[in-house]
Amino acid sequence: MTSDYRQAITQAMQALQARDHQRAAELLRAAATTAPLAEMAWVPLANAELALGQNDAAEAAIDQQLLLKPREVGALLLKAYLREQARDARAASSFYRTALGQAALEGNLPPALAALHAHAGRYLGEADKGFEAYLIDQVGTALSPTMAEAIELLTGKRELYLQEPSVFYYPGLPQKRFYDPAEFPWFQPMLALVPQMQAELAAVLGEGAEGFAPYVHRKQHRPAPNTPLLDSQDWTAFHFWRDGELDEGNAARCPATMEALSHAPLPQIPGRSPNAHWSRLLPGAHIAPHTGMLNTRLICHIPILTAPQCWFRVGSETRGWEHGVPLVFDDSINHEAKNDGSQERVILLFEIWRPEIDTADREAIGRIFQAIGRYE
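Rules used in this analysis
- Residues numbered from 1 in each chain as written.
- Predicted model: local features only at pLDDT ≥ 70, side-chain atom pairs only at ≥ 80, totals over all residues.
- Heavy atoms only, no water.
- Helix = DSSP H or I, 4+ residues; strand = E, 2+ residues; numbered from the N terminus.
- Rg over C-alpha atoms; globule rule 2.2 N^0.38 Å.
- Buried < 20%, exposed > 50% of the residue type's maximum accessible area, 1.4 Å probe, protein only.
- Contact = heavy atoms within 4.5 Å.
- Areas by Shrake-Rupley, 256 points an atom, 1.4 Å probe, with all protein chains shown as cover.
- Lys, Arg positive; Asp, Glu negative; His and termini not counted.
- Charge placed at Lys NZ, Arg CZ, Asp CG, Glu CD.
- Disulfide = S-S within 2.5 Å.
- Phe/Tyr/Trp six-rings, centres within 6.5 Å; stacked < 30°, edge-to-face > 60°.
- Lys NZ or Arg CZ within 6 Å of the ring centre and 35° of its normal.
- Expected span 1.5 Å × (residues − 1).
- Arc of directions from axis to C-beta.
- Pairing = 2+ DSSP bridges.
- Patch = residues over 30% accessible without salt bridge, like charges linked within 9 Å, V, L, I, M, F, W, Y side chains within 5 Å.
- Salt bridge = Lys/Arg side-chain N within 4 Å of Asp/Glu carboxyl O.
- Axes fitted to C-alpha atoms, helices over the stretch in contact; angles between N-to-C directions.
- Parallel < 35°, antiparallel > 145°, perpendicular 65-115°, else oblique.
- Left-handed = near helix turned anticlockwise from the far one by under 90°.
- Nonpolar A, V, L, I, M, F, W, Y, C, P; charged D, E, K, R; others polar.

Please provide a residue-by-residue account of the overall build of the protein, values included.
Counting its secondary structure elements, the protein contains 13 helices and 12 strands. Since a compact globule built from 376 residues should have a radius of gyration of about 21 Å, the 30 Å found for the protein marks it as more spread out than a globular shape. Along the three orthogonal principal directions, the C-alpha set of the protein runs to about 95 × 55 × 45 Å. The burial tally for the protein puts 42% of its 376 residues in the buried class. Across the protein, every contact between residues at least 6 apart in sequence was considered, and the portion connecting residues at least 24 apart equals 69%. Surface summary for the protein: the accessible area is close to 20,100 Å², and the carbon and sulfur share equals 53%. Of the charged side chains in the protein, 33 are positive and 45 negative; the average position of the first set lies 4 Å away from that of the second.

Residues and numbers for the state of the cysteines, please.
Going through the model one piece at a time under the given rule, you end up with 0 disulfides. Cys300 forms no disulfide, and the closest cysteine sulfur to it belongs to Cys310, at a distance of 18 Å.

Help me get a handle on the packing of aromatic side chains, residues and values and all.
Going through the model one piece at a time under the given rule, you end up with 18 aromatic pairs. Relative to Trp235, the ring of Tyr215 has its centre 4.3 Å away and its plane inclined at 25°; by these criteria the two rings are stacked. Taken as a pair, Tyr215 in the loop between strand 2 (213-214) and strand 3 (235-242) and Trp235 in strand 3 lie far apart in primary sequence, 20 residues in all. We classify Tyr215 as partly exposed; its relative accessible area is 34%. Of the aromatic side chains, those joined through ring pairs into one cluster are Tyr179, Phe184, Trp186, Phe187 and Phe350. Sitting over the ring of Trp321, Arg345 keeps its end group 4.5 Å from the ring centre.

Can you explain helix 10 (residues 194-206)? Please cite residues and give values.
In this model, helix 10 (13 residues) spans 18 Å end to end at C-alpha, consistent with the 18 Å of a helix rising 1.5 Å per residue. Within the sequence span of helix 10, burial applies to Val194, Met197, Glu200, Leu201 and Val204. The arc that holds every buried residue of helix 10, seen down its axis, measures 120°, which confines them to one face. Phi turns positive one or two residues past the end of helix 10, at Gly208, with a value near 90°.

Outline helix 6 (residues 89-106), listing residues and values.
Across its 18 residues, helix 6 extends 25 Å between first and last C-alpha, which sits within 8% of the 26 Å expected from 1.5 Å per residue. Taken together, the buried positions of helix 6 are occupied by Ala91, Ala92, Ser93, Tyr96, Ala99, Gln102 and Ala103. Among the structural elements, helix 5 (73-85) and helix 7 (114-139) are those in contact with the buried residues of helix 6. In the segment just after helix 6, Gly107 is the residue with positive phi, at about 75°.

Please provide a residue-by-residue account of the pairing of strand 9 (residues 317-320), values included.
Sheet analysis places strand 8 (residues 310-314) next to strand 9, joined by 4 bridges and oriented antiparallel. If you follow Trp311 over to strand 9, its bridge partner there is Gly320.

Run through a nonpolar patch on the surface, naming residues and quoting values.
Taken together, the side chains of Phe131, Tyr134 and Leu154 define a hydrophobic patch exposed on the protein surface, amounting to about 320 Å² of accessible area. Relative to the elements of secondary structure, Tyr134 occurs in helix 7. Here Tyr134 falls in the partly exposed class, since its relative accessible area comes to 47%.

Any details on unusual backbone geometry? Residues and values, ideally.
Here the amide bond leading from Ser273 into Pro274 is cis, since omega sits at 15°, within 30 degrees of zero. By the secondary structure assignment, Pro274 is in the loop between helix 12 (255-262) and strand 5 (276-281). With a phi close to 60°, Arg87 is a non-glycine residue in the positive phi region. For Arg87, the location among the structural elements is in the loop between helix 5 and helix 6. One non-glycine residue, Asp231, adopts positive backbone phi at about 60°. Mapped onto the elements of the fold, Asp231 is located in the loop between strand 2 and strand 3. Looking at Asp231, the relative accessible area reads 35%, which means it is partly exposed.

Requested: an account of the packing of helix 6 against helix 7, with residues and values cited.
For any two helices packed against each other, the geometry comes down to the angle between their axes and how far apart the axes lie. Axis separation between helix 6 and helix 7 bottoms out at 9 Å; the angle between their running directions is 130°. On the basis of the axis angle, helix 6 is oblique to helix 7. The interaxial crossing formed by helix 6 with helix 7 has left-handed handedness. The segment helix 6 lies against helix 7, with Ala89, Ala92, Ser93, Tyr96, Arg97, Leu100 and Ala103 engaging Leu116, His117, His119, Ala120, Gly121, Tyr123, Leu124, Ala127 and Asp128. For the contact of helix 6 with helix 7, the class distribution of residues is 10 nonpolar, 4 polar and 2 charged.

Before we move on, can you summarise the sheet that holds strand 9 with the specific residues and values?
Strand order in the open sheet formed by 4 strands is 6-11-8-9, and the pairing between neighbours is antiparallel. The open sheet has two edge strands with one neighbour each: strand 6 (286-290) and strand 9. Strand-to-strand twist in this sheet, taken as the mean axis angle between neighbours without regard to direction, amounts to 15°.

Now, about the side chain of Thr236: what can you tell me, with residues and values included?
As for its position among the elements, Thr236 is in strand 3. The exposure class assigned to Thr236 is buried, which follows from its relative accessible area of 0%. Filtering out sequence-adjacent residues up to four positions away, Thr236 remains in contact with Phe212, Ala213, Pro214, Tyr215, Trp278, Ser279 and Arg280.

Structure, rendered in C-alpha cells:
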C-alpha cells in the first residue's frame, strides 16, 4: 500500500509537468485515500483541481495543506485566490494579507509564486478602496477628524504610529502627535517677538552664519551616528541652551530670541536641559524618519524663516511651517522632515514638559537622567 500511493504521487507530478491535469487529479485523488495526511501532495492536487475548474475540490485540498502548515506562503496565496474566485472578498483579503506578511518575514519568495504574489498586492489595493467606499456609504461623511482618521487606519489608508522613545518610556501618556498651540498661552509674547528674532537671524546669516554647526556630529567615546547628515552643513543648529548650558556668545548676539525663550517653561535638569536652538535646513536636505529619546517632553517649533515645499511629518500626519503658527509635537513618535524647495528654512526649536506629567514625576525623571549622566 505504501508504494502504491507514493508511486501514484510520483506519476501525478510527472503528469502535472506534462500539463495533463486530468490524469494528475485522478492519481492524486486515489493517493489521498491511503496516504497519511502529512505525506500527501495536497498543493499539487489543489492545482490540478483548479486547472480542471473544480474549485471546491481544490479548496478542500488546500485546506488540508493549511492544517499541516498554516503559514505556508504558497498555500495561503492559493487559498486566497480560491476565496477571491468565490467572491468572498473579506476572506480573500485576509489570506492575501497574511501571505504577503509571511512572505516579507521569510524574504525568499519562490519564483513560481511571483505572479500570484504580485496579484495579491494589486487585489488588496483595490479591496481596501472598495471597503473604504462601502464604509463611507454606510457611515456617512459627517465625521469628526478623529473618526475620519480611524476609518483611514481601519482601511489601511494610514499607518499606525505610536510612541517609541529610544531610551525612556513614561507609561500612560496619550498617543497624540500634535498639540494645539492655543493650549500654551505663553506662545503669544514669544510670537510678538518674531520680527525681532528674524532681524537677529538675518544679521547672523549676513555674517556668514557663524555659530551654526552640524546638528548631527561626532561625540568623543561614542559611535558616530548612522546618517548621511553626519557633520553636514545641510542641517545645522545655532544653540542658545544646550544640555542645560547657556551659550553666552550666541545669547549675547540674539537678545530678542533670549527674551522670547524666557517666556517658555523650559525644563531645568542640570546637565540635560534647557535645550533651545535655531534649526536650519537647507534645500534638498532630508531628516530621515526617527524617534526621540523620551516621551516625557514636547518639541516646539516657532518658524523664523519659512520656505515653500518644506514639510514635516509626525506619524501619519504631514504639515508645513507657516509664519506665525507654532508646531508642538511628541518627538517619540516616528517623524521626519525634508526641504523640497529652493530656500532654506529656520525655526526656533525648544523642548517643554508634557503637560500630563505632574511636578513630582518631573522631579523624579530629572533625578533619573542626572543619575544616568553621572554613571561611568
